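Here is what each chain is made of, one letter per residue.
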Amino acid sequence: MKILTGNDLKSGAVTWWTGKGWSLDVNDAADIGDDGAAIIAREEGAQNVFAAYVVDGEKTAGAVRPAHIKERIRALGPTVRPDLTLKPNDPDALAKVV
């Protein structure tokens, strides 16, 4: 599975391509196949996102998990302050990163 990530142009927040737009939740990420370069060109050109790039991921049990630890951390948020992550009330959130 190939997924697309970038940063929101206004807030700088980590975002994930859903197939129709951008989401803060990695579980909304769509498999882009070989279309990454075209999507990046269109979305950065429209100033919807910046610094977009393609990453490997996998979908298991309805959840999307980026293959690399860097992207898993980006998907969750700060690992030193679980209360500041995107899912502060999920006790298993950090376990999903590592």
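A brief structural summary. Quick caveat: nothing in here was measured; it's all calculated off a predicted structure. (Residues numbered from 1 in each chain as written. Predicted model: local features only at pLDDT ≥ 70, side-chain atom pairs only at ≥ 80, totals over all residues. Heavy atoms only, no water.)

## Notes on the pairing of strand β1 (residues 2–8)
Buried residues dominate β1, accounting for five of its seven residues. In this structure, β1 lies alongside strand β4 (residues 49–60), joined through six bridges in antiparallel fashion. Bridge pairing in β4 links leucine 4 to valine 54. Here three bridges tie β1 to strand β2 (residues 14–17), and the two strands are oriented antiparallel to one another. Bridging from a neighbouring strand, threonine 5 pairs with tryptophan 16 of β2. Between β1 and β2, which pair antiparallel one after the other, the connecting turn spans five residues, and glycine 12 there sits at a positive phi close to 85 degrees. (Buried < 20%, exposed > 50% of the residue type's maximum accessible area, 1.4 Å probe, protein only. Helix = DSSP H or I, 4+ residues; strand = E, 2+ residues; numbered from the N terminus. Pairing = 2+ DSSP bridges.)

## Observations regarding helix α2 (residues 69–76)
Because an α-helix packs 3.6 residues into every turn, residues spaced three or four apart end up facing the same way. Restricting attention to buried positions, one finds in α2 the residues Glu71, Arg72, Arg74, Ala75 and Leu76. Looking one or two residues beyond α2, the residue adopting positive phi is glycine 77, at roughly 115 degrees.

## Topic: the nonpolar core
Judged by nonpolar contacts, Ile3, Val14, Trp16, Val26, Ala29, Val55, Val64 and Ala75 together constitute the single largest core of eight residues. Not counting residues within four places of it along the chain, the set of residues in contact with isoleucine 3 comprises Trp16, Val26, Ala29, Ala30, Ile32, Tyr53, Val54, Val55, Val64 and Pro66. With seven residues, the next largest nonpolar core counts Trp17, Ile32, Ile40 and Val49 among its residues. (Core = buried A, V, L, I, M, F, W, Y, C linked by side-chain atoms within 4.5 Å. Contact = heavy atoms within 4.5 Å.)

## Details of the sheet that holds β4
The five strands are arranged β3-β2-β1-β4-β5 in an open sheet whose pairing can be described as antiparallel. In the strand order of this sheet, the two ends are held by β3 (22–23) and β5 (63–66), each with one partner. With four bridges connecting them, β4 and β5 associate as antiparallel partners. Within β5, the residue paired with glutamate 58 across the bridge is arginine 65. Across the sheet, helix α1 (residues 36–45) is in contact with β1, β2, β3 and β4; its angle to β4 comes to roughly 140 degrees. (Axes fitted to C-alpha atoms, helices over the stretch in contact; angles between N-to-C directions.)

## A look at unusual backbone geometry
For alanine 51, which is not glycine, the phi dihedral falls at a positive 55 degrees. Along the chain, alanine 51 turns up in strand β4. In this structure, alanine 61 is a non-glycine residue whose phi angle is positive, near 50 degrees. Within the secondary structure layout, alanine 61 lies in the loop between β4 and β5. You can call alanine 61 exposed: its relative accessible area is 87%.

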